[in-house]
Amino acid sequence: MESEEEEVKRESVSSSNISSIGYEGESETLEIEFHNGGVYQYFNVPKRVYDGLMSADSHGRFFIRNIKGTYTYKKV
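Treat the numbers as computed from the prediction; the structure is a model and nothing was measured.

Mapping H59 onto the fold places it in helix α2 (residues 59-66). Put simply, H59 and F43 are 16 residues apart on the chain and 18 Å apart in space, counted from C-alpha to C-alpha. Beyond its immediate sequence surroundings of up to four residues, H59 is in contact with V13, S14, S15, I18, I21, L53 and M54. At 2.8 Å, the side chain of H59 and the backbone oxygen of L53 are in polar contact.

Quick look at the structure:
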């Protein structure tokens, strides 16, 4: 793999602060696009965390409680 940037396909979600969410299972990369336009990749995120995020009643609340501050990330 030459490029460090993973191309992650995101799907739109209904959330007050998150626009779309994607996940690349092989690299365990979670990608989140926020309504403010920022796109962030979170690394070494287990699939169960992604599944929990996608099935949560509040994507934003799940993100704050389980992802933010827990996983290494970068803005893309």
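Additional details are given in the paragraphs that follow.
The next subject is the packing of aromatic side chains. One pass over the full model with this rule turns up six aromatic pairs. Ring centres 4.8 Å apart and planes at 10 degrees place the aromatic pair Y23 and Y50 in the stacked group. With Y23 in strand β2 (residues 18-24) and Y50 in helix α1 (residues 47-55), this residue pair connects regions lying 27 residues apart in the sequence. A relative accessible area of 14% means that Y50 is categorised as buried. Judged by centre distance (5.4 Å) and plane angle (65 degrees), the rings of F34 and F63 are edge-to-face. Of this pair, F34 sits in strand β3 (residues 29-34) while F63 sits in helix α2; the two residues are 29 residues apart in sequence, bridging distant segments of the chain. Its relative accessible area of 12% is what places F34 among the buried residues. For F63, a relative accessible area of 5% puts it in the buried group. Put simply, the rings of F34, Y40, Y42, F63 and Y73 pair up and form one aromatic cluster.

Rules and cut-offs
Residues numbered from 1 in each chain as written. Predicted model: local features only at pLDDT ≥ 70, side-chain atom pairs only at ≥ 80, totals over all residues. Heavy atoms only, no water. Helix = DSSP H or I, 4+ residues; strand = E, 2+ residues; numbered from the N terminus. Contact = heavy atoms within 4.5 Å. Polar contact = N/O pair within 3.5 Å; in protein donor to acceptor, adjacent residues only side chain to side chain. Phe/Tyr/Trp six-rings, centres within 6.5 Å; stacked < 30°, edge-to-face > 60°. Buried < 20%, exposed > 50% of the residue type's maximum accessible area, 1.4 Å probe, protein only.

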